[in-house]
Amino acid sequence: MGNKVFNLLLICIFIITFPLHSTAKVEDSACLTCHQYPGLVRQDDNTGLKILHIDSEKYRTTPHGHLDCKACHLDVDKIPHVGNNMTTCQSGCHQSDKDIALLAKTPRKGFHRNEQSVITNLEDKTSCKVCHKIYPHKKEPFARAFLNMHTGYMVCEVCHLDRSKFTVSRYDWVQTRDVAFQGDAFGSFYTPDNNISQKSDSILSRIAPYVYKDGKLQALMNTWDTDGAHKVCSSRSRLDEDEKTIEIRHYHRDVVKMEHTTACVECHSSMSMIDFSSLGFTTEQAVALKNLNIGNIIKKYEVFYMPSM
Ligand code: HEC
Ligand code: HEC
Ligand code: HEC
Ligand code: HEC
Ligand code: HEC
């Protein structure tokens with residue numbers, strides 16, 4: 001946990017150091033500030049999931065662990081970056097004919113596979129999961145991987161609930177059993193007795209909005225539409241476009257889309273909609289989560305890429 005706080009501080013220092021109006025120059029040591037997080041992934045048209053997490057301790061124990069990231073990643077020179085896949089094995093290394101021949105036969109894909117962790121399956125019995133993947137965000141290039149990472153921290157409704165229709169009394173934990181991981185298990189495991197701790201191999205605690213329903217405070221995650229959603233899925237090919245639109249609209253009647261340019265500050269700011277302390281985070285962690293200024297990167301992303309792409 002101490003480590004986490006330290007890393008958050010690093011992010012803050014890192015971001016403050018970069019003026020918002022110019023493109024930031026990336027220092028080698030900064031890469032893991034963002035890439036250290038399990039669940040940082042994007043969808044890839046060819047390979048399904050592209051895992052962007054690199055576990056720093058595991059990385060350090062690999063044969064290449066003494067190298068700066070940029071020794072091989074030549075084209076990552078600004079924040080934010082998207083689609084930087086150029087790697088070299090020859091900046092100062094592997095220059096003999098024998099090495100070059102060997103490298104030609106060695107696939108680069110999966111180079112970091114032993115340093116990466118993601119959720120491969122999560123059965124939370126919600127309607128959302130019938131139609132959407134656990135890592136559903138793919139549109140907004142730089143924000144998507146961070147948004148995907150958060151689906152391991154909280155249920156969809158924390159960000160996607162139409163709050164004009166519900167009075168959220170507070171945010172609290174729900175447990176999902178039947179979670180499967182690739183790499184190491186990660187995330188929070190919360191019980192009221194032992195607070196937040198690191199987790200078991202198949203149970204994950206995530207944050208959910210709680211509302212009063214039938215006089216009882218209950219977690220609001222849509223499980224009442226799940227059967228219907230399964231039926232729509234199995235009959236989807238028989239529906240015409242208009243029917244599909246109507247069905248989808250029905251399942252989204254309580255769903256809103258958060259604006260990605262302001263999403264991060266909804267929680268990571270002094271105005272946070274989530275009271276981190278009441279969820280069991282230590283004061284130190286709560287302060288660090290509020291001060292996490294990474295939202296500025298997402299805003300800057302807009303400025304930098306929108307005109308040219
Ligand atoms: C401020 C956070 C941040 C920092 C710092 C950062 N990255 Fe990234 N990086 C990301 C995010 C987010 C993506 C995913 C973008 C997307 O969804 O396409 C990414 C994507 C990548 C990719 C492309 C993977 C792919 O095929 O999609 C590589 C390679 C990469 N980063 C390497 C690095 C290296 C090397 C450094 C340090 C020099 C670094 N990153 C620093 C956040 C960061
Ligand atoms: C010895 C060379 C080397 C070093 C050092 C290295 N990488 Fe990589 N990295 C690669 C190769 C090779 C790939 C695979 C590229 C491909 O699929 O074509 C890769 C892929 C990635 C990806 C894309 C995800 C994936 O698994 O394909 C990210 C993100 C990334 N590296 C980040 C880092 C970070 C952060 C560091 C430093 C902590 C680092 N790399 C150090 C060689 C290296
Ligand atoms: C019957 C299938 C189905 C169910 C159930 C469903 N969705 Fe969707 N959803 C879709 C489809 C199809 C789209 C449009 C294509 C896309 O963006 O993936 C979509 C789009 C979205 C969007 C983007 C909307 C926009 O304006 O771009 C959000 C946000 C979303 N869904 C959230 C949810 C959440 C949260 C739940 C659970 C409460 C849910 N969905 C349940 C099928 C479904
Ligand atoms: C941390 C907040 C957060 C959580 C948790 C979250 N989302 Fe999102 N989601 C967003 C934001 C912000 C956007 C808008 C991104 C954009 O502008 O494209 C979005 C967009 C979407 C989209 C459409 C755009 C895209 O990226 O393809 C879908 C579909 C979606 N969310 C589904 C879900 C589902 C399903 C879950 C639960 C498994 C979920 N989201 C959990 C914040 C979140
Ligand atoms: C609905 C609230 C919410 C939104 C919106 C949100 N976050 Fe978070 N974020 C959290 C919570 C809660 C955690 C801590 C989860 C945990 O440790 O269990 C977290 C953790 C993080 C962490 C990891 C911090 C650490 O060291 O554990 C990063 C980085 C982060 N968020 C970045 C972002 C970015 C970037 C965005 C916008 C794209 C964003 N967040 C949007 C609630 C949110």
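Per chain, residue numbering runs from 1 following the sequence as it is written. To label them, take the chains in the order written and letter them from A, then take the ligands in the order written and number them from 1. Confidence filtering applies because this is a predicted model: local features only for residues at pLDDT of at least 70, side-chain atom pairs given and counted only at 80 or more, and all residues used for totals across whole chains, interfaces and linings.

1. A closer look at the overall build of the chain
1) Next: In terms of regular secondary structure, the chain is built from twelve helices and nine strands.
2) Next: Residue burial here comes from a neighbour count, namely the number of other C-beta atoms, placed from the backbone, that lie within 10 Å of the residue's own C-beta, with 20 or more meaning buried, 12 or fewer meaning exposed, and in between meaning partly exposed. Within the chain, the proportion of its 309 residues that are buried is 25%.
3) Next: By sequence separation, contacts in the chain at least 24 residues apart represent 67% of the contacts at least 6 residues apart. The secondary structure listing takes helices from DSSP runs of H or I that are at least 4 residues long and strands from runs of E that are at least 2 residues long, numbered from the N terminus. Contacts are defined on C-beta atoms placed from the backbone: any two residues whose C-beta positions lie within 7 Å are in contact.

2. Some remarks on the site of ligand 1
1) Next: What surrounds ligand 1 is a group of 26 residues, the closest being Cys 31, Cys 34, Arg 42, Cys 69 and His 73.
2) Next: Every element with two or more residues in the shell around ligand 1 is listed here: α2 (31–35) and α6 (143–150).
3) Next: If you tally residues by element for the shell around ligand 1, the top one is α2, at four residues.
4) Next: Each residue gets one of three labels, nonpolar for Ala, Val, Leu, Ile, Met, Phe, Trp, Tyr, Cys and Pro, charged for Asp, Glu, Lys and Arg, and polar for the others, Gly among them. The residue inventory of the shell around ligand 1, partitioned by class, reads 14 nonpolar, seven polar and five charged. Defining nearness, a residue is near a molecule or strand when the C-beta atom obtained from its backbone falls within 6 Å of it.

3. Focus: the site of ligand 2
1) Next: Lining the immediate environment of ligand 2, one finds 20 residues, of which Cys 31, Cys 69, Cys 72, Arg 108 and Phe 111 sit closest.
2) Next: Sorting the residues of the shell around ligand 2 by element identifies α2 and β2 (48–51) as the ones contributing at least two each.
3) Next: Sort the elements by how many residues they give to the shell around ligand 2 and α2 lands first, with three residues.
4) Next: Grouping the amino acids of the shell around ligand 2 by side-chain chemistry returns eleven nonpolar, six polar and three charged.

4. Some points on the sheet that holds strand β4 (residues 170–176)
1) Next: Spatially, β4-β8-β9 is the arrangement adopted by the three strands of the open sheet, whose pairing is antiparallel. Every interior strand has two partners, whereas the edge strands, β4 and β9 (216–219), have only one. Neighbour-to-neighbour, the strand axes of the sheet open up by a mean angle of 45°, direction not taken into account.
2) Next: Of the strand pairs in this sheet, β4 and strand β8 (residues 204–213) are connected by seven bridges, and their pairing is antiparallel. When DSSP finds two or more bridges between a pair of strands, those strands are recorded as paired. Between N-to-C directions, angles span 0 to 180 degrees; the directions come from axes that are lines fitted to C-alpha atoms, helices contributing only their stretch in contact.

5. Observations concerning the environment of Trp 224
1) Next: On the secondary structure map, Trp 224 appears in the loop between β9 and α8 (226–235).
2) Next: Between the C-alpha atoms of Trp 224 and Thr 126, which are 98 residues apart in sequence, the distance is 7.8 Å.

6. Describing the confidence of the model for the chain
1) Next: Looking at the chain as a whole, the pLDDT averages 84, with 83% of positions reaching at least 70.
2) Next: The least confident element of the chain is helix α1 (residues 2–17), whose mean pLDDT is 44; the most confident is helix α7 (residues 156–160), at 97.
3) Next: pLDDT is a per-residue confidence score from the predictor, ranging from 0 to 100. Long-range and interchain partners of residues 5–28, a stretch whose pLDDT sits below 50, account for 39 contacts in this model, where long-range means more than four residues apart.
4) Next: Scored below 50 in pLDDT, residues 302–309 makes two contacts in the model with residues more than four places away or belonging to other chains.

7. Remarks on unusual backbone geometry
1) Next: Positive phi is not limited to glycine here, since His 94 has a value of about 45°.
2) Next: Accessibility expressed as a C-beta count within 10 Å gives 13 for His 94, which makes it partly exposed.
3) Next: Of note in the backbone geometry, Asp 178 takes a positive phi value of approximately 60° without being a glycine.

8. What to know about the nonpolar core
1) Next: Each nonpolar core reported here comprises buried Ala, Val, Leu, Ile, Met, Phe, Trp, Tyr and Cys residues connected via C-beta atoms within 7 Å. Core analysis: the biggest nonpolar cluster contains 17 residues, and Leu 40, Val 41, Ile 119, Ala 145, Phe 146, Met 149 and Val 179 have the highest contact counts within it.
2) Next: Sorting the residues of this core by element identifies β3 (118–122), α6 and β5 (179–182) as the ones contributing at least two each.
3) Next: Per-element tally for this core: the top contributor is α6, with five residues.
4) Next: If we ignore the near neighbours within four places in the chain, the residues touching Leu 40 are His 35, Leu 52, His 53, Ala 145 and Met 149.
5) Next: Counting 16 residues, the second largest nonpolar core, distinct from the first, contains Met 154, Met 221, Phe 276 and Leu 279.

9. Considering the pairing of strand β1 (residues 41–44)
1) Next: Relative to β2, β1 is paired through four bridges, and the arrangement is antiparallel. Across the sheet, residue Gln 43 finds its bridge partner in β2, namely Leu 49.
2) Next: In this structure, the hairpin formed by β1 and β2 is closed by a connection of three residues.

10. Some details on the environment of Ser 197
1) Next: Tracing the backbone shows Ser 197 in strand β7 (residues 195–197).
2) Next: Given 13 C-beta atoms within a 10 Å radius, Ser 197 is considered partly exposed.
3) Next: Along the chain, Ser 197 and Gly 187 lie ten residues apart, while their C-alpha atoms are 8.7 Å from each other.

11. Observations concerning the environment of Asn 114
1) Next: With respect to the helices, strands and loops of the structure, Asn 114 is situated in the loop between α4 (97–105) and β3.
2) Next: The spacing of Asn 114 and Asp 184 is 70 residues in sequence and 9.6 Å in space, taken between C-alpha atoms.

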